[in-house]
Amino acid sequence: MLMIAGLTVYALNFFIGKSKNYKLASAWFERHRELLESNFSVVGDDGQGKEIQQGVLMKDSEHLYSVWCTGRANCDGMLIELRFIKRQDLVSLMSQAVRPKLDTLTITVHMNSEEMDNFVFAIGTKKQITYLHKEMQDLNLYCLDKKSADKFGFPGYQILGESGEVISLFMESKIIKLMEAYPDCLQYIHFSDQFSGTKPQEGSDKSAIPATKRVLIFAFRMSVGTKTTVADVSAMEPMMKLVFYCADKVKKFRLSKEAKLKSDKNRQRVSEQYMKATHTQRQEAAQVRREDKIRAEKDRIMDEEDPDKQRRLQEFHQKKELKRNKPKMKQMKVSMK
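These numbers come from a predicted model, not from an experiment.

Thresholds applied
Residues numbered from 1 in each chain as written. Predicted model: local features only at pLDDT ≥ 70, side-chain atom pairs only at ≥ 80, totals over all residues. Heavy atoms only, no water. Buried < 20%, exposed > 50% of the residue type's maximum accessible area, 1.4 Å probe, protein only. Helix = DSSP H or I, 4+ residues; strand = E, 2+ residues; numbered from the N terminus. Pairing = 2+ DSSP bridges. Polar contact = N/O pair within 3.5 Å; in protein donor to acceptor, adjacent residues only side chain to side chain. Contact = heavy atoms within 4.5 Å. Core = buried A, V, L, I, M, F, W, Y, C linked by side-chain atoms within 4.5 Å. Phe/Tyr/Trp six-rings, centres within 6.5 Å; stacked < 30°, edge-to-face > 60°. Lys NZ or Arg CZ within 6 Å of the ring centre and 35° of its normal.

Chemist: What is the right way to look at the pairing of strand E3 (residues 64-70) in this model?
Modeler: Two faces belong to every sheet, and in a regular strand the side chains alternate between them. Within E3, five of the seven residues are buried, which leaves the element mostly enclosed by the surrounding structure. Two elements, strand E1 (residues 42-43) and E3, share two bridges in a ladder whose sense is antiparallel. Bridge pairing links Val43 to Cys69 in E3. Between the antiparallel neighbours strand E2 (residues 58-59) and E3 lie four residues.

Below you can see the structure in the form of structure tokens.
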């Protein structure tokens, strides 16, 4: 009886939770669709058919919805991800009491290569910047120090910037005023011409140069607390306008000669690091192959049943080892005239 009651509660929560998430996602899309369509020629293409679709809100799961937009000057496309609390999962919902999560909106603008100069920049809460700096490959390689955003009027926020010139570009009055008006909305902003995702995991090939993309990533909270309403998701338009404002600003921005030189040196430094790692990895692989070959030779000697033949193999192997370990002397040719 208790099992039946538990299953009933779980099923009821599943349908209520997924309906709530769908309602919030639909409300967000309907509220911002006009703004998106005024900036992109295609909004909501699901990529499933040969014909370009319009107005499709893709459901990737019961708590994750996305919208793909394309057809705008200076960018290849924009991916919008609405990630909600797993309201359909009763266990996940109960864990909110211990580790509360929030409904978030993440927007990734894929910039054209010729429309974005070479720089890496990020601003966000201390918790987010600490995580991003540790885990994101580009921020870890190109932004060595975290800076406080206190002097810009954002206590509790930190900045990662490849140069002071880039930080000054985005910490300007219009962006600051918007952030002041919505102090609890921003999680982080991450701009990069070298974005390749998270750092390679332990055991993976760290010497391979990763494929990089030029992206502008914006992550916002949909509400301050966990009880997001339709009104909350419908009030995200200023954040969307910030995205378009920054995309246009990045298109117009070009580094000064000094900042460009520093940027090029940074990329050369990282390239050399990968080359050194590749060389070291090749040396290690060659050493492993040599050791495997020697081990195989020793096993062959030990497996030999004929004592005389085993002795001859041992002598041959010892001579080979002596020759291999013998220091090489350079020969100099002297011409006699």
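Having put the structure on the table, let's press on.
Chemist: Explain the side chain of Glu62 to me, please; I cannot follow it from the model alone.
Modeler: Relative to the assigned elements, Glu62 resides in the loop between E2 and E3. A polar side-chain atom of Glu62 sits 3.4 Å from a polar atom in the side chain of Lys59. Leave out the neighbours within four places in its chain, and Glu62 touches Phe14, Lys18, Asn21 and Gln88.

Chemist: So what exactly am I meant to see when it comes to unusual backbone geometry here?
Modeler: Residues other than glycine predominantly adopt negative phi, and peptide bonds predominantly adopt the trans conformation. In this structure, Asn74 is a non-glycine residue whose phi angle is positive, near 75°. For Asn74, the location among the structural elements is in the loop between E3 and strand E4 (75-83).

Chemist: I would appreciate a short explanation of the nonpolar core in the present structure.
Modeler: Nonpolar side chains in soluble globular proteins generally cluster together in the buried interior. Within the largest apolar cluster, 61 residues are counted, with the highest numbers of intra-cluster contacts made by Met78, Ile80, Phe191 and Phe220. When residues of this core are assigned to their parent elements, the largest contribution, eight residues, is made by helix H8 (residues 237-252). Those residues in contact with Ile80, other than ones at most four positions away along the chain, are Trp28, Leu36, Tyr65, Ser66, Val67, Cys69, Leu105, Thr106, Ile107 and Met240.

Chemist: Looking at this structure, how should I read the packing of aromatic side chains?
Modeler: In this description, a pair of aromatic rings is defined by centroid distance and the angle of the planes. Counted according to the given criterion, the structure contains 12 aromatic pairs. Ring plane angle 55° and centroid distance 6.0 Å describe the contact between Phe40 and Phe244, whose orientation is recorded as tilted. A residue pair is termed long-range when its members are at least 10 positions apart, and Phe40 in the loop between helix H1 (2-39) and E1 and Phe244 in helix H8 qualify at 204 residues. Across the pair, exposure class does not vary: Phe40 and Phe244 are buried alike. Here the basic side chain of Arg267 rests over the ring of Tyr142, its NZ or CZ set 4.7 Å away from the ring centre.

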